[in-house]
Amino acid sequence: MNECILEGSFNLRLLSEVHCCVPARIAKKYQLSTELLLSFAASRSDKMKILVVEDESEMLSSITAYFAKAGYVCEIAMRYAEAEEKLALYQYDCVLLDITLPDGNGLHLIEALRNRKTSTGVIILSAKNSLDDRINGLVLGADDYLPKPFHLSELNARVQALMRRLQFDGSNQITLGNVVIDIAARQVLVTGSQLELTKKEYELLLFFISNQDRVLSKTSLAEHIWGDNSDQADSFDFLYSQVKNLRRKLSEAGAAITIQAVYGFGYKLVKE
Amino acid sequence: MKLLTITTRYFLLLLLGLLIPWTIWFYGSIRYIIYHQVDEFLANRKFEITRETTQHPSLLRTLPGYKTDFTWQPITAEQMRTLRETYSDTMVWEPLEGEKEPYRKLETPFESGGKYFKLTILASLTDTQKLLSTLLRHVVTLFVVLFILLVLLNRVILRRLWRPFHAALAQIRTYRLDRHVAIEFEQTSVLEFGELHAAFSQLISHTQQAYQQQKEFTENASHEIQTPLAIARNQVELLSQDAELSTSQAQRLDSIEKNLSRMARLNKSLLLLAKIENNQFPETKPLELPKLIQTVVEQLDEMIEYKNLRVSVENAGEPLIRMNPDLAEVFFGNLVRNAVFHNIPGGYIRIELDQQGVLFENSGPELTEVPANLFGRFVKNAKASSSQGLGLSLVQSISKLYGFSVEYTHQQGTHRLSVTF
């Protein structure tokens with residue numbers, strides 16, 4: 001099926017009707033790529049289902065494009081009413097929620113969701129970054145809050161962390177080749193033996209693993225580990241030295257993963 | 001001066017200005033009437049005496065010269081010509097009372113049996129004086145009572161009348177725009193106060209509206225700028241995943257990405273500055289400074305280690321001040337960051353805490369910037385080119401908000417920044 005889509009004989013309308021993921025008119029209206037719809041189509045219920053609630057169509061398309069590529073099933077809602085309806089009808093693993101919607105306050109959606117006692121994770125995406133919204137959102141039952149403008153890689157890492165928390169009760173492991181990361185113990189094991197990492201090196205590795213096979217820009221890496229401090233001149237030098245140390249430690253331990261430098265732009269974690 | 005005091009003062013001045021001349025006039029006219037009557041009585045006596053003695057000159061020999069209200073004594077013809085009839089006040093010794101008493105005296109020349117005499121008639125003024133002084137006393141008593149009443153009127157009645165005004169004043173004084181508590185003025189039957197209340201209510205609602213709009217503008221500006229920034233950033237991220245990208249294209253993307261980040265941070269800082277200046281951080285908590293400094297330093301641990309800096313914190317007392325926790329974090333975070341990032345490899349940071357303030361001392365490169373400009377917006381050290389230049393400006397705004405004073409000095413690679421609470 002994938003091949004036939006790639007060849008261009010893909011019927012957008014038929015596909016969306018069969019899989020009920022993205023209505024054809026929405027797909028057309030917001031120019032969702034075939035590539036994106038392909039991943040919708042390919043996805044079944046064993047994949048993570050995410051609802052993206054966002055009124056900016058460009059924002060929406062870049063988020064869905066990124067997540068679809070990472071193998072999630074993405075559904076979209078551009079209006080409060082639409083999101084409300086979808087949340088009532090379907091079960092999602094995670095909702096990415098822009099709380100400033102043209103026809104309602106997204107915070108009420110969290111309330112409604114929590115009243116139904118679902119285990120759906122909620123990450124608020126807000127352009128406001130106001131403290132009130134953050135606190136209200138978390139009090140109402142949101143799991144995380146990410147102010148715009150964010151990096152998609154950061155959002156992806158947050159979604160994965162949230163999914164791990166929700167599905168494994170916090171005691172869980174990520175295995176990648178011969179590398180095992182014990183999230184609860186904050187430990188990294190390479191072929192069974194512990195790898196000594198500093199706090200920042202560990203955070204970097206986890207961020208890389210959450211976004212494996214993707215190019216991560218230096219800015220997004222610096223922002224991930226430094227937050228507000230990433231604006232300082234030293235932070236890129238520091239990042240460079242941290243990545244260098246991490247690469248050295250991984251290769252010395254014989255890990256089956258490597259961090260590649262991508263031009264001058266950033267880094268990418270690949271499995272050997 | 002209180003309006004009440006001023007009005008009372010004017011009333012009293014007016015009363016004094018009116019009552020003093022009136023009292024003088026009143027006293028004068030009563031006195032005049034009484035004297036007039038006494039003088040008339042004296043004139044009658046004179047008429048009777050002169051009539052009797054003219055008809056019976058022998059009387060002047062038989063009449064006793066004492067215990068009567070009149071006396072006479074012979075005068076020369078020369079004196080007779082010059083003596084005029086005069087009324088005057090005099091004091092006469094009263095043996096019974098043992099003191100001098102006031103009398104009205106009429107002295108007049110008269111002729112009896114070809115001889116000339118000076119007749120002196122006396123009329124007691126004791127009763128008259130008593131009457132006058134009683135009258136005066138009563139008038140003064142009336143005035144004093146009037147004064148007291150007036151003051152009481154001002155103090156009690158006017159105070160009661162002005163109560164709605166003072167109540168409104170107290171409400172407005174405690175009113176804070178950022179607390180969203182509406183003002184309810186009490187009902188008043190006084191037209192002027194009613195108008196004042198209405199005007200205040202209108203002013204408050206207009207101000208509230210303007211404040212709200214400004215707040216919304218700040219938030220809207222944030223929203224409007226953050227969303228396109230987010231889209232641009234995400235597009236760059238998606239584009240960077242393209243395996244076909246050439247090195248030069250990747251470098252261009254890198255530059256775009258860095259500048260987008262810089263814009264995002266600038267926007268964030270500008271918003272924070274605007275919010276601080278609009279006083280949008282009203283709630284405060286007691287500041288736990290040693291703990292906060294420790295947290296901030298710990299967040300920068302790896303960087304401190306990377307730059308091989310020695311950090312020492314000397315804790316000589318904790319300040320007892322209240323601050324908004326978020327602003328406190330921004331404030332001290334920026335100061336510590338400043339000391340870390342504008343430092344030289346292998347340098348040092350010394351933080352001294354006491355009850356009155358904090359001192360940050362650190363090694364660092366020589367500054368090219370004039371210290372006075374250091375707290376301005378967009379001032380940065382040429383060497384740290386990617387720095388946003390708003391960090392110390394934020395520090396300045398926050399210290400202004402809480403009334404701290406921040407002083408900066410530098411001397412041959414030693415930078416000292418002291419904050420006094």
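Before any of the text, the structure's been laid out above.
This section reports on the structure supplied with the text. None of the values given here were measured: they were computed from a predicted structure.

Regarding the sheet that holds strand β8 (residues 348–354) of chain B
All names here are of chain B.
Part 1 of the reasoning: Pairing in this open sheet of five strands is mixed, and the strands run β6-β8-β9-β11-β10 from one edge to the other. The outermost strands of the open sheet, each flanked by one partner alone, are β6 (310–316) and β10 (405–411). Taking the axes of each pair of neighbouring strands and ignoring which way they run, one obtains an average angle of 10° across the sheet.
Part 2 of the reasoning: Direction of pairing for β8 relative to strand β9 (residues 357–363): antiparallel, over a ladder of five bridges. Across the sheet, Glu352 pairs through a bridge with Leu359, a residue of β9.
Part 3 of the reasoning: Contacts between helix α7 (residues 289–299) and the sheet are confined to β6, β8 and β9, with β8 contributing the most and set at about 165° to the helix.

A few points about the interface of chain A and chain B
Part 1 of the reasoning: Facing the 45 residues of chain A at the interface are 44 residues of chain B.
Part 2 of the reasoning: Interface area for chain A against chain B, summed over the two sides, is near 4100 Å², with a carbon-plus-sulfur share of 55%.
Part 3 of the reasoning: Taken together, chain A and chain B are joined by two salt bridges.
Part 4 of the reasoning: Across the pair Glu223 of chain A and Arg233 of chain B runs a salt bridge, and its minimum N-O distance is 3.0 Å.
Part 5 of the reasoning: Going through the elements one at a time, α5 (57–69), α9 (152–168), α10 (199–210), β12 (215–217), α11 (218–226) and α12 (233–252) of chain A are the ones with two or more residues in the side of chain A that touches chain B.
Part 6 of the reasoning: Examining the composition of the side of chain A that touches chain B, we find that seven residues originate from one element, α12 of chain A, more than from any other.
Part 7 of the reasoning: Its residues assigned to classes, the side of chain A that touches chain B shows 15 nonpolar, 15 polar and 15 charged.

Here's the deal with the environment of Val330 of chain B
All names here are of chain B.
Part 1 of the reasoning: Looking at the secondary structure, you find Val330 in helix α9 (residues 325–341).
Part 2 of the reasoning: In this structure the C-alpha to C-alpha distance between Val330 and Val296, which are 34 residues apart in sequence, comes to 9.8 Å.
Part 3 of the reasoning: Beyond its immediate chain neighbours, meaning those up to four positions away, Val330 contacts Leu272, Leu394 and Ile398.

Here we look at helix α10 (residues 391–402) of chain B
Residues and elements named next belong to chain B.
Part 1 of the reasoning: The terminal C-alpha atoms of α10, which comprises twelve residues, lie 17 Å apart, in line with the 16 Å expected from a rise of 1.5 Å per residue.
Part 2 of the reasoning: Elements in contact with the buried residues of α10: α6 (247–277), β7 (322–323), α9, β10 and β11 (414–420).
Part 3 of the reasoning: Looking at the residues trailing α10, positive phi occurs at Gly403, about 75°.

Brief notes about the nonpolar core
Side chains that are nonpolar tend, in soluble globular proteins, to be buried together.
Part 1 of the reasoning: Ranked by size, the top nonpolar core spans 71 residues in total, and within it Ile181 and Leu205 of chain A together with Phe332 of chain B carry the most contacts.
Part 2 of the reasoning: No other element matches α9 of chain B, which puts ten residues into this core.
Part 3 of the reasoning: When residues no more than four places from it in sequence are discounted, the contact partners of Phe332 of chain B are Leu287, Leu289, Leu292, Ile293, Val296, Met323, Val358, Phe360 and Phe421 of chain B.
Part 4 of the reasoning: With 24 residues, the next largest nonpolar core counts Val52, Leu60 and Ile123 of chain A together with Ile231 of chain B among its residues.

Here's the deal with the packing of aromatic side chains
Residues and elements named next belong to chain A.
Part 1 of the reasoning: As enumerated under the stated definition, the model contains 16 aromatic pairs over all chains in all.
Part 2 of the reasoning: Consider the rings of Tyr66 and Phe67, whose centres lie 6.3 Å apart with planes at 70°: the pair is edge-to-face. A single burial state applies to Tyr66 and to Phe67, both of which are buried.
Part 3 of the reasoning: Taken together, a centroid distance of 6.5 Å and an interplanar angle of 80° make the contact between Tyr90 and Tyr92 edge-to-face.

Quick notes on α10 of chain A
Part 1 of the reasoning: Compared with the 16 Å implied by 1.5 Å per residue over twelve residues, the 17 Å span of α10 of chain A between its first and last C-alpha is a close match.
Part 2 of the reasoning: Burial analysis of α10 of chain A places eleven of its twelve residues in the buried class, which makes it a mostly covered element.

A word on the sheet that holds strand β14 (residues 266–271) of chain A
Sheets are built from strands that pair by backbone hydrogen bonding, the pairs being arranged parallel or antiparallel.
All names here are of chain A.
Part 1 of the reasoning: Pairing is antiparallel in the open sheet, where three strands are placed in the order β12-β14-β13. Of all the strands in the sheet, the pair left with one neighbour each is β12 and β13 (257–262). Taking each pair of neighbouring strands and ignoring which way they run, the sheet shows an average axis angle of 30°.
Part 2 of the reasoning: Where β13 and β14 come together, six bridges link them in antiparallel fashion.

A word on the packing of helix α6 (residues 80–89) of chain A against helix α7 (residues 106–115) of chain A
All names here are of chain A.
Part 1 of the reasoning: Direction vectors running N to C along α6 and α7 enclose 15°, while the axes themselves pass 11 Å from each other. Considering the angle they form, α6 stands roughly parallel to α7. Between α6 and α7 lies a crossing whose hand is right-handed. Residue-level inspection shows Tyr80, Ala83, Glu84 and Leu87 of α6 in contact with α7, the latter providing His108, Leu109 and Leu113.
Part 2 of the reasoning: In the contact of α6 with α7, the residues fall into five nonpolar, one polar and one charged.

Here is what the cut-offs are and how they apply
- Residues numbered from 1 in each chain as written.
- Chains lettered and ligands numbered in written order.
- Predicted model: local features only at pLDDT ≥ 70, side-chain atom pairs only at ≥ 80, totals over all residues.
- Heavy atoms only, no water.
- Pairing = 2+ DSSP bridges.
- Helix = DSSP H or I, 4+ residues; strand = E, 2+ residues; numbered from the N terminus.
- Axes fitted to C-alpha atoms, helices over the stretch in contact; angles between N-to-C directions.
- Contact = heavy atoms within 4.5 Å.
- Buried area = accessible area lost by both parts, 1.4 Å probe.
- Salt bridge = Lys/Arg side-chain N within 4 Å of Asp/Glu carboxyl O.
- Nonpolar A, V, L, I, M, F, W, Y, C, P; charged D, E, K, R; others polar.
- Expected span 1.5 Å × (residues − 1).
- Core = buried A, V, L, I, M, F, W, Y, C linked by side-chain atoms within 4.5 Å.
- Buried < 20%, exposed > 50% of the residue type's maximum accessible area, 1.4 Å probe, protein only.
- Phe/Tyr/Trp six-rings, centres within 6.5 Å; stacked < 30°, edge-to-face > 60°.
- Parallel < 35°, antiparallel > 145°, perpendicular 65-115°, else oblique.
- Left-handed = near helix turned anticlockwise from the far one by under 90°.

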